[in-house]
Every structure is written in structure tokens, then in C-alpha cells.
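Summary of structural features
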Amino acid sequence: MARFTSEFPVFYVTVDVVLFAVVDDRLQVLVVERGEEPFAGRSALPGGFVGAQEDLDDAARRELVEETGVSADGLVLEQLATFGTPGRDPRPHRVVSVAHLAVTSHPEVPQGGTDAAAAQWAPVDEVAGTLAFDHDTILTTARERISSRLEHTPLAASFLPPEFTIAQLRKVYEAVWHLEIDPGNFQRKLRSCTDFITPTDKTTAALGGRGRRAQVFRPASDPLSLLASPIIRSAM
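These numbers were taken from a predicted model, which means no experiment stands behind them. (Residues numbered from 1 in each chain as written. Predicted model: local features only at pLDDT ≥ 70, side-chain atom pairs only at ≥ 80, totals over all residues. Heavy atoms only, no water.)

1. Section: the side chain of His-135
To keep things clear, this is the line we draw: The way it works is that DSSP assigns letters per residue, a run of H or I at least four long becomes a helix, a run of E at least two long becomes a strand, and they are numbered from the N terminus. Only protein chains enter the accessibility calculation, which uses a 1.4 Å probe. A residue is then buried if its area is under 20% of the maximum for its type, exposed if over 50%, and partly exposed in between. Polar contact is the term for a pair of N or O atoms within 3.5 Å; when the atoms are in protein, one must be able to donate a hydrogen and the other to accept it, and sequence-neighboring residues count only if both atoms are side-chain atoms. We call two residues contacting when some pair of their heavy atoms lies within 4.5 Å.
Tracing the chain through its elements places His-135 in helix α3 (residues 135-152). We classify His-135 as buried; its relative accessible area is 3%. Within the structure, the side chain of His-135 is placed 3.0 Å from the backbone nitrogen of Leu-45, a separation counted as a polar contact. When neighbours within four sequence positions are excluded, His-135 is seen to be in contact with Asp-16, Ala-44, Leu-45 and Arg-88.

Printed below as a string of C-alpha cells:
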């Protein structure tokens, strides 16, 4: 059995949370303003150190609540990837981060807490390239994961209320993929995906909507189940 030596120094473990929402038809991410060094005043993903007796998912939920005030109740957190490049954190000890990913349909108004001076929802395209530590890499990895999931699973519905229209669903795809989708093609594709959405007996008029009535749908399956007929970006 190997001994603990200076060749294998002790290192710290942190968690970072990438929480996405679609706000004003744009993909947005929850970020904090760091209130302490390193990178005081810079934007970063919410996160922090894992306690000695703390589970990783519990630490991610705790840090999300402490730094942003956003409730983690009901959020399905997925471990995205582990980031441990030497020097990713300028502090004396090496720090490895386990990033977590989640999406929400009800973006709460955040408020900075603990070592976060402020917290806000920000368009991904505006904050990309500006984040502290290696959080730009984490954010890029998270967006790529979400983009891929939208092709092969019904995850897009998780950005929306329990009942929605196909037009609202299309706005999610456009926001995440950052492209314009032909409404007619998308309508035909989604109506054929019976394992993705199922119609209700409601129209937007019943939900208080204005203008032309549209049929209302709800999810037909678990958000991470595989679609029988994928929705491929290049075909949109």
C-alpha cells in the first residue's frame, strides 16, 4: 500500500454549479460576483469548498443556496465533469472542482450571500470569456452537454412550465443552440415525437394567452429518457 508522501500532497475539493434558465428568449446562467480574493469583483459560477463529511451533491446544493439564495429544492443536479488542471486556482494548495449542472423553469431572483457580493442571471453569450478561475471552460462544457441533450432527450421541456406550446418549446431550442429554427419544420417534427410531448385538451386561451389560439402540450416522458427520433440541430 502506498504511503502519503510529498509526492502525493493533500488537495482540496470544491463544487461549482451551472444553473441554466431561458429568460427573455435567451439562455442565461446564474453567476455571482466574488466578494473575496482570489478574483474579487469578478463574475464566477456559484460554488465553494466541500466539507470533510459532506456529500458532493449536498455541498453543491448548500453552496447554491448560500451564495445566491436560490432554492435547490426540486432541482435535479447532475455531475457534469471534474476539473483539476494544476494552477486552475491560484491559491497555495491544489484545488479540484466537481462541476454540477441543472436547469430550471422558474428562475428565482437571486441575492448574494457568504463570500458572494452579488448574484444575478446573465446571458451566457455575454459572460462567456469573463469568468474567474476556469469557469469559462466549465460553462462551455455545460452548454455543450445541454445542447447535446436537447438533440436526444426531452430535456427542453424542463426549461418550461408543466404545460406549454410548441412555439415556447422552439424558443428553448433556439436559445440553447443559438440559431433560428423554421417554425413549420419544428412543428411537424415535434408533433411526430409522441414520446416527447402529448397534447392536452387546452389551448392558450384557457391559460390566459392572447392572440391566435395554440394547442397546449405537456411532457410525455422523463426529461433524460432517450427519444426514439432525435431532434438534430443540422436538420433544423
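2. What about empty space enclosed by the protein?
Rules: Throughout, the protein atoms alone are placed on a 1 Å grid, and a set of points is a cavity if a 1.4 Å probe fits but cannot get out or a pocket if it is open with protein on both sides within 12 Å along at least five of seven lines; lining residues have an atom within 4 Å of a point. Grid points are joined across faces, edges and corners, and a volume is the space filled by probe spheres set on the points.
Summed over all chains, the structure comprises one cavity of 30 Å³ or more. In this model, the largest cavity occupies a volume close to 40 Å³.

3. Structural notes on unusual backbone geometry
Following Glu-37, the chain continues to Pro-38 via a peptide bond in cis, the omega torsion being 0°. Note on placement: Pro-38 falls in the loop between β2 (26-34) and β3 (43-44). A positive phi angle, close to 55°, is found at Phe-133, a residue other than glycine. Within the fold, Phe-133 resides in the loop between α2 (124-127) and α3.

4. Things to note about the pattern of salt bridges
The following threshold applies: The term salt bridge refers to a pairing of a side-chain nitrogen on Lys or Arg with a carboxyl oxygen on Asp or Glu at a separation within 4 Å.
Considering all chains together, one arrives at 13 salt bridges under this definition. Here Glu-126 makes a salt bridge to Arg-26, at a shortest N to O gap of 3.2 Å. With a gap of 100 residues between them, Glu-126 in helix α2 and Arg-26 in strand β2 connect regions that are remote in the sequence. What makes Glu-126 exposed here is its relative accessible area of 52%. The partner of Arg-170 in a salt bridge is Glu-174, and the shortest N-O contact between them spans 3.5 Å. Note that Arg-170 and Glu-174 are positioned in helix α4 (residues 166-177) at a spacing of four residues, about one turn of the helix. No difference in accessibility class separates Arg-170 from Glu-174, as the two residues are buried.

5. Some points on the nonpolar core
Quick note on the threshold: Throughout this description, the term nonpolar core refers to a set of buried Ala, Val, Leu, Ile, Met, Phe, Trp, Tyr and Cys residues connected via side-chain atoms within 4.5 Å.
Grouped together as the largest cluster of nonpolar side chains are 44 residues, with contacts concentrated most on Phe-20, Leu-150, Phe-159, Leu-169, Tyr-173 and Phe-196. Looking at this core, the elements with two or more residues in it are β1 (12-23), β2, β5 (78-83), β6 (95-103), α2, α3, α4 and α5 (183-191). For this core, the element with the highest residue contribution is α4, accounting for seven residues. Contacts of Leu-169, omitting those with residues within four sequence positions, involve Ala-156, Ala-157, Leu-160, Phe-164, Phe-186, Leu-190, Phe-196 and Ile-197. Counting residues in each nonpolar core, the second largest holds 14 residues, with Val-15, Val-17, Ala-60 and Trp-121 among its members.

6. Some points on the packing of aromatic side chains
Working definition: an aromatic ring pair is given by the centre-to-centre distance plus the angle between the planes. Threshold: Under the pairing criterion, centres of Phe, Tyr and Trp rings, with the six-membered ring standing for Trp, must be within 6.5 Å; the plane angle then separates stacked pairs below 30 degrees from edge-to-face pairs above 60, leaving the rest tilted.
The full count for this structure, using the stated rule, is four aromatic pairs. Here the aromatic rings of Phe-39 and Phe-133 are separated by 4.8 Å at their centres, their planes lie at 75°, and the arrangement is edge-to-face. Of this pair, Phe-39 sits in the loop between β2 and β3 while Phe-133 sits in the loop between α2 and α3; the two residues are 94 residues apart in sequence, bridging distant segments of the chain. When the centroid spacing of 5.0 Å and the interplanar angle of 70° are considered together, the rings of Tyr-173 and Trp-177 count as edge-to-face. Within this pair, Tyr-173 and its partner Trp-177 are both found in helix α4, separated by four residues, close to a single helical turn.

Treat this as a map of the structure, not an account of what it does.
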